[in-house]
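Per-entry structural report
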Amino acid sequence: MAGRSLRRGLSTTVRSSVTGVASSTSKFADELKSTPEIGVNLDNTQKLFDSVSTLKLIKSIITLRLIGMKCTTDFGSWALNPNRMADPLWRKMVLGATERTFYGHFCAGKDLEAVAATAEALLRDGLYAMLDYGLEHADNNVSCDENLSEFLRTIDAASSSSLPVSFVVVKITAICPPRLLKRISDMLRWEYRDHNSINLPWKLKTLPIFSESSPFYHTPKKPNSLTKQEEDELNLAYERFSKICSKSVESNVPLLIDAEDTSIQPAIDYFTYSAAIQHSSKDHKFPLIYNTIQAYLKDASHRLVAAKKAADEMRIPLGFKLVRGAYMSSENKSAYAKGAGSPIHSCIEETHACYNNCAEFLLQEIANGSGFAVLATHNIESGKLAARKASDLGIEIGSQSLQFAQLYGMAEVLSYGLRNAGFRVSKYLPFGPVEQIIPYLMRRAEENRGMLSTSVVDRKMMSEEVFRRMKSLGS
């Protein structure tokens, strides 16, 4: 009953907040078109790339050109076929070529020692690091425990050095098997739709996870209760995440929780919000945990506002990372296979609008003194819009409450432009053995092909800077 009351109590606030955010963002976007830029200058290539060597610029131009081509991704899928990779010579050739090209450009290194060197280079560039150990989904408790150890080691490394580490990235799928997360998500969905027909004795106190527009087609019928074995597995997952959170508190290193597809995202939100409640403290000025909101989902703004308002009422510090989303192909296929409408906005313009709406809401919360946000975007217009709005709201430049983020090796123009304007900017650093990271690289290429096409801006600006340097040498 408490969950239902909270849902009713929040509904009016959520609707008014989302509507207000949408209208004010539209107005501000119109103002941006008619008013000179403030702060973020992306035109001066000399200032943008003053800390980048000419050799690195040339290598980046070539790599970004290759990764943006469909034939590169197709060839990668062909080359990584398990049957071909079973040949030792072929495997050695593929891994070696990958390490010297795409891996070296998009990844921070094989281990924490290599990551330290990459983070030091970022520090010299005035950027921060988000450490993401490239873990795959865990299938059993043994692999979950191994992944737990890696997360703890990463937090230790982040806290024991003077490196500019802003976050350690955590994947819930690495410490709790996805099959169990799917079961939990099914029960949470059913509870939201028919609270009186299901009992969840294992459920911890949490924040709102759904809205009326959330995709419920993943759970067409009432799910069975967790078995004793599943409850035991869930308790082990609780313990693993609790250890990670405790280490984070002890080390003063905040956690950024990665998002997944909508079939298991409710369970990830549940883990994230319940942990934020359990590990909150009045002594913490900044949040321990940042959850990820994917703006390409139709219910994104409603879920964001509901969770934030509920956290405020409970006096729980909670941060959010805002992204557009990376599972478009699989989400659409899953929905269509079930005869349901896609949970994703029908066009890219709607996704852009949703992202900007959510970003403005978070910026307003920061200006009011209770918001914490990581605006992760490769979209130049969204980055400039958010920077401009932050300035208009009087948010202190360099405030730890507001950070921007881009993938390592991508959106360099935007990263350096925001840095030069005084904002805190982090680079998302995946690391780990080459063979372990290759699936990550392939997924990013497949899922973000549209995003990779925006690298044309980086290539263009980098090329201009290389030519400028060559011209200056000859003059």
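Note that the structure is predicted; figures quoted are calculated from it, not measured.

**With respect to the overall build of the protein chain**
When you go through the protein chain residue by residue, the secondary structure sums to 19 helices and eight strands. A sequence separation of at least 24 residues applies to 80% of the contacts in the protein chain between residues at least 6 apart.

**Focus on the packing of aromatic side chains**
For the structure shown, the criterion picks out 15 aromatic pairs. Seen from their ring centres, tyrosine 133 and phenylalanine 431 are 5.1 Å apart, and the 65° between their planes marks the pair as edge-to-face. Taken together, the residues span a long stretch of sequence, with tyrosine 133 in strand S1 (residues 128-133) and phenylalanine 431 in strand S8 (residues 424-431) at a distance of 298 residues. The pair tyrosine 133 / phenylalanine 431 is uniform in exposure class, with both members buried. Ring centres of phenylalanine 167 and tyrosine 290 lie 4.7 Å apart, and the angle between their planes is 80°; on these two criteria the pair is classed as edge-to-face. Of this pair, phenylalanine 167 sits in strand S2 (residues 165-170) while tyrosine 290 sits in strand S4 (residues 289-294), and the two are 123 residues apart along the sequence.

**Considering the pattern of salt bridges**
This structure, assessed with the given rule, holds 27 salt bridges. A salt bridge links glutamate 230 to arginine 183; its shortest N-O distance comes to 2.9 Å. Of this pair, glutamate 230 sits in helix H10 (residues 228-251) while arginine 183 sits in helix H9 (residues 178-193), placing them 47 residues apart in sequence. Taking relative accessible area as the criterion, glutamate 230 reaches 15% and is therefore assigned buried.

**Things to note about a nonpolar patch on the surface**
A cluster of nonpolar side chains, Ile58, Ile62 and Leu66, forms an exposed patch at the surface whose accessible area comes to about 240 Å². Its location among the elements puts isoleucine 58 in helix H3 (residues 54-67).

**Observations regarding the confidence of the model for the protein chain**
The share of residues in the protein chain with pLDDT of 70 or more is 89%, and the mean pLDDT across the chain is 88. The model gives residues 1-37 a pLDDT under 50, and that stretch makes 42 contacts with residues more than four places away or in other chains.

**A few points about the packing of helix H8 (residues 141-159) against H10**
Put simply, H8 and H10 touch, their axes get as near as 9 Å, and they point 5° apart. Compared by their axis directions, H8 and H10 come out roughly parallel. On H10, the residues touching Asn141, Cys144, Asp145, Leu148, Phe151, Leu152, Ile155, Asp156 and Ser159 of H8 are Glu233, Leu236, Arg240, Lys243, Ile244, Lys247, Ser248 and Ser251. Partitioned by chemical class, the residues of the contact of H8 with H10 number seven nonpolar, four polar and six charged.

**Considering the nonpolar core**
Note on soluble globular proteins: their nonpolar side chains tend to be buried together. Judged by nonpolar contacts, the single largest core of 139 residues is most densely connected at Ile172, Trp202, Phe241, Phe271 and Leu375. In contact with isoleucine 172, not counting residues within four places along its chain, are Leu181, Phe241, Ile257, Ile268 and Phe271.

**A look at the packing of H9 against H10**
Between H9 and H10, the shortest axis-to-axis distance is 11 Å and the interhelical angle comes to 105°. Relative to H10, the element H9 is oriented roughly perpendicular. From H9, Arg179, Leu180, Arg183 and Ile184 reach across to H10, where they touch Glu230, Glu233 and Leu234. Across the contact of H9 with H10, the residue classes tally to three nonpolar, no polar and four charged.

**Quick word on the pairing of strand S5 (residues 319-323)**
In terms of burial, S5 is a largely internal element, five of the five residues being buried. Going residue by residue along S5, you find Gly319, Lys321 and Val323 tucked away on one face and Phe320 and Leu322 tucked away on the opposite face as well. With five bridges connecting them, S4 and S5 associate as parallel partners. Within S5, the residue paired with threonine 292 across the bridge is lysine 321. With helix H12 (residues 300-313) bridging S4 and the parallel S5, this β-α-β connection has right-handed handedness. Pairing analysis gives three bridges linking S5 to strand S6 (residues 373-376), with the strands arranged parallel. Residue pairing for S6: leucine 322 is matched across the bridge by leucine 375.

About the criteria used
Residues numbered from 1 in each chain as written. Predicted model: local features only at pLDDT ≥ 70, side-chain atom pairs only at ≥ 80, totals over all residues. Heavy atoms only, no water. Helix = DSSP H or I, 4+ residues; strand = E, 2+ residues; numbered from the N terminus. Contact = heavy atoms within 4.5 Å. Phe/Tyr/Trp six-rings, centres within 6.5 Å; stacked < 30°, edge-to-face > 60°. Buried < 20%, exposed > 50% of the residue type's maximum accessible area, 1.4 Å probe, protein only. Salt bridge = Lys/Arg side-chain N within 4 Å of Asp/Glu carboxyl O. Patch = residues over 30% accessible without salt bridge, like charges linked within 9 Å, V, L, I, M, F, W, Y side chains within 5 Å. Areas by Shrake-Rupley, 256 points an atom, 1.4 Å probe, with all protein chains shown as cover. pLDDT = per-residue confidence, 0-100. Axes fitted to C-alpha atoms, helices over the stretch in contact; angles between N-to-C directions. Parallel < 35°, antiparallel > 145°, perpendicular 65-115°, else oblique. Nonpolar A, V, L, I, M, F, W, Y, C, P; charged D, E, K, R; others polar. Core = buried A, V, L, I, M, F, W, Y, C linked by side-chain atoms within 4.5 Å. Pairing = 2+ DSSP bridges. Right-handed = clockwise from strand over helix to strand, strands pointing away.

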